[in-house]
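Each chain, letter by letter, is given below.
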Amino acid sequence: MPTFVYMTRCDGCGYCVDICPSDIMHIDKVTRRAYNIEPNMCWECYSCVKACPQDAIDVRGYADFAPLGHSVRVRRDEEKGVIAWRIKFRNGEKDMELLAPITTKPWGKHIPQLSDVPAPTQMMRDSQLLFNEPKYIRMDEGALHTLESNGLVMKEGVVY
Amino acid sequence: MIASNPFAELAAVIPPTAMQAYVVLMFLLVVAGTILDMLHKKSAQYFFENARKARKNATRTLGTGEKGALALKTVAKEVLTSGEFNNPKRRISHLFTMYGFIIFVVTTAILIFAYPTPDYPAPTVVPLLWHLGAAMLCLGGYWFWFSIRVDVASEGVKWYQLNGRGDLFIVGLLGMATFALLWSFSMGAGALNMLFFVLFVAFTTLLFGSVYWSKFAHMFFKPAAAFQKRVIKADGSRENMPAIYDVSDPEVQARFPDIPAYMGANPPNMGLGIKREAPNHF
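Keep in mind that this is a model prediction, so the values were computed, not measured.

On to the overall build of chain A, then. A tally of helices and strands in chain A yields 4 helices and 7 strands. Reading chain A from its N terminus to its C terminus gives the helix and strand order β-α-β-β-α-β-β-β-β-α-α. Taken over the C-alpha trace, chain A has a radius of gyration of 21 Å; the compact-globule value for 160 residues is 15 Å, which it surpasses by more than 25%. Reported as C-alpha extents along the three principal axes, the dimensions of chain A are approximately 60 × 45 × 30 Å. Across the 160 residues that make up chain A, the buried fraction comes to 23%.

The subject of this paragraph is the packing of helix α8 (residues 168-185) of chain B against helix α9 (residues 191-209) of chain B. Residues and elements named next belong to chain B. Across the interface, α8 lies against α9 with an axial gap of 8 Å and an inter-helix angle of 155 degrees. On the basis of their axis angle, the class for α8 and α9 is roughly antiparallel. Crossing angle aside, the handedness with which α8 passes α9 is left-handed. Contact with α8, carried on its side by Gly172, Leu173, Gly175, Met176, Phe179, Ala180, Leu182 and Trp183, involves Asn193, Phe196, Phe197, Leu199, Phe200, Phe203, Thr204, Leu206 and Leu207 of α9 and no other residues of that element.

In this assembly, 36 residues from chain A lie in contact with 35 residues from chain B. Of all the secondary-structure elements, those providing two or more residues to the side of chain A that touches chain B are α1 (15-19), β5 (71-77), β6 (82-88) and β7 (95-101) of chain A. When residues of the side of chain A that touches chain B are assigned to their parent elements, the largest contribution, 5 residues, is made by β6 of chain A. Of the residues assigned to the side of chain A that touches chain B, the class counts are 15 nonpolar, 8 polar and 13 charged.

Let us look at the domain arrangement of chain B. Domain boundaries in chain B define domain 1 (6-234) and domain 2 (246-276). On a C-alpha basis, the centroid separation for the pair domain 1 of chain B and domain 2 of chain B is 43 Å.

Across soluble globular proteins, you tend to see nonpolar side chains buried next to one another. Residues Ala134, Leu137, Met176, Ala177, Ala180 and Phe200 of chain B are the most contacted members of the largest nonpolar core, which totals 31 residues. Ranked by residue count, the leading element in this core is α8 of chain B, at 8 residues. Look past the residues within four positions of Phe200 of chain B in its chain and what remains in contact with it is Met176, Phe179, Ala180 and Trp183 of chain B. Grouped together as the second largest cluster of nonpolar side chains are 28 residues, Ala51, Cys52 and Ala84 of chain A together with Val247 of chain B included.

Another point: the pairing of β5 of chain A. All names here are of chain A. Summarising the sheet, β5 and β6 pair through 7 bridges and their orientation is antiparallel. Across the sheet, residue Val74 finds its bridge partner in β6, namely Trp85. Taking the residues that link successive antiparallel strands as the turn, the β5-β6 hairpin has 4 residues, and the phi of Gly81 there is positive, at about 75 degrees.

In this section: unusual backbone geometry. Residues and elements named next belong to chain A. Its identity as a non-glycine residue notwithstanding, Arg32 has a phi of 55 degrees, on the positive side. Turning to its location among the elements, Arg32 is positioned in the loop between β2 (25-27) and β3 (34-36). Take Arg32: there are 18 C-beta atoms within 10 Å of it, and that puts it in the partly exposed class. The phi angle at His110 is positive, at roughly 55 degrees, despite the residue not being glycine. You can see His110 is positioned in the loop between β7 and α3 (122-126).

Below, the discussion takes up the pairing of β7 of chain A. Each regular strand shows side chains that alternate between the opposite faces of the sheet. All names here are of chain A. Bridging between β6 and β7 involves 7 bridges; their strand directions are antiparallel. Following the sheet pairing, Arg86 is matched in β7 by Glu97. Taking the residues that link successive antiparallel strands as the turn, the β6-β7 hairpin has 6 residues, and the phi of Gly92 there is positive, at about 80 degrees.

What follows concerns the environment of Arg60 of chain B. Residue and element names in this part refer to chain B. Inspection of the secondary structure puts Arg60 in the loop between α3 (43-56) and α4 (64-79). Exposure remark for Arg60: the 10 C-beta atoms within 10 Å place this residue in the exposed category. In the structure, Arg60 is positioned 128 residues away from Gly188 in sequence and 66 Å away in space, judged by C-alpha atoms. Not counting residues up to four positions away in its chain, the partners in contact with Arg60 are Asp235 and Gly236.

It is worth spelling out the packing of helix α2 (residues 16-41) of chain B against helix α5 (residues 88-114) of chain B at this point. Residues and elements named next belong to chain B. Orientation of α2 relative to α5, taken along the N-to-C sense of each, is 145 degrees, at an axis distance of 9 Å. The crossing of α2 and α5 is left-handed. Every residue of α5 that contacts α2 at Met19, Gln20 and Val23 is listed here: Ala109, Ile112 and Phe113. Partitioning the contact of α2 with α5 into residue classes produces 5 nonpolar, 1 polar and no charged.

What counts and what doesn't
The numbers attached to residues start from 1 for each chain and follow its sequence in the written order. For naming, the first written chain is A and the first written ligand is 1, with later ones following in the order written. Only residues with pLDDT of at least 70 get local features here, since the model is predicted, and only at 80 or more are side-chain atom pairs given and counted; chain-wide, interface and lining totals rely on the full set of residues. Helix numbers and strand numbers start at the N terminus; a helix is a DSSP run of H or I with at least 4 residues, a strand a run of E with at least 2. Based on C-alpha atoms, the radius of gyration is set beside the globule rule, defined as 2.2 Å times the residue count to the power 0.38. Every C-beta atom is placed from the backbone, and the number of other C-beta atoms within 10 Å of a residue's own sets its class: buried at 20 or more, exposed at 12 or fewer, partly exposed in between. For helices, the fitted axis covers only the stretch in contact; all axes are lines through C-alpha atoms, and the angles between them, taken along N-to-C directions, range from 0 to 180 degrees. Comment on the angle field: the value is read as roughly parallel under 35 degrees, roughly antiparallel over 145, roughly perpendicular from 65 to 115, and oblique elsewhere. Rotating anticlockwise by less than a right angle from the far helix to the near helix defines a left-handed crossing, while the corresponding clockwise rotation defines a right-handed one. Distance between backbone-placed C-beta atoms decides contact: two residues are in contact if it is within 7 Å. Throughout this entry, Asp, Glu, Lys and Arg are counted as charged residues, while Ala, Val, Leu, Ile, Met, Phe, Trp, Tyr, Cys and Pro are counted as nonpolar. The remaining residues, Gly among them, count as polar. All the domain ranges listed were derived from an automatic or database domain assignment. Each nonpolar core consists of buried Ala, Val, Leu, Ile, Met, Phe, Trp, Tyr and Cys residues. Their C-beta atoms, within 7 Å, join them into a set. One requirement defines pairing of two strands: DSSP has to find at least two bridges between them.

Encoded structure:
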């Protein structure tokens, strides 16, 4: 499902070019608008789609396996710290909107200053746990979080 | 110098009717180039098909008054103040170039048609505006050319490297405005003045004659695209995009409980994120 660019929307700012991990988003030399130079190499990470300030990038399915007429679009609002997805099924009836937080703290603040942290002891170095692991996986609060401990139940099949 | 009408002095060499015919020819070239460009790129067809698709997905129908209000907003923001540019430098440079071009072209037409010979002296303000338009065009254009042009700003291309078709429009604009000013300032300098005039005409012909190949026609289809962008937001079709939510709205929080659970009832502004850094892609 490679990305493509709506040329009337794109203003050639280059955020997609910067962020593409496969380096396949480029600026067209004549029109000065972004385009995907190698759709076969696109792994649909959606980075460019989310980074585009003009909502000019979309992702389409290959006609041989993706249901034509569907749509998966996303708007990442960094100032609000949320991401919104809209998934439309090709039957034209199922139209889902999702909204989820992507940060709980302002961007660029609260970056861990590792140089200020005391060096690990030999015992910590020999341990199988990684840096700050008990704290980060919240083992300190008791034990590992599981479905049961969070009051959740595993359901069979595909659940929307 | 900047208060004198250069076309009146030119009338001693070139008859005013020839100048007027040239202006009409340039106008016709723009019309023909735009129509051919539209037919070739099928931009009008795309625009109407897209609008029809959007109408099919619309959740409400817009009245004529509402569409008129959207058109006025498009004119006020996207057309008159180049509001669609996120980069403020690009926006200011575009405003200089756009208004410089408009002032220059309109005053050129006024000078050539209304005050073609020294027998009809032009009010001082018209030649002044003509020079001001050319200077604004140069300011915005050279700023764009030397530092804002994506090839130079982000792709590591040197300012003197031409990019063929991609640069046709800006080269035409800059050549026209620069040699117009040089021609006007070198009045009475003989061969040098004639050289500047020939270059002025050559670049003007390049600008207006290359509409089919250059991005000149963007001034016609960009406003249409900006208007359509407003329509899809207003009629609810949104090109399949998700809604823009107000995360502090209790209804939104009830629908998406993760928002208050992780971000609190009144989420703060999180700042610019990746937009803190301008893209700089090599």
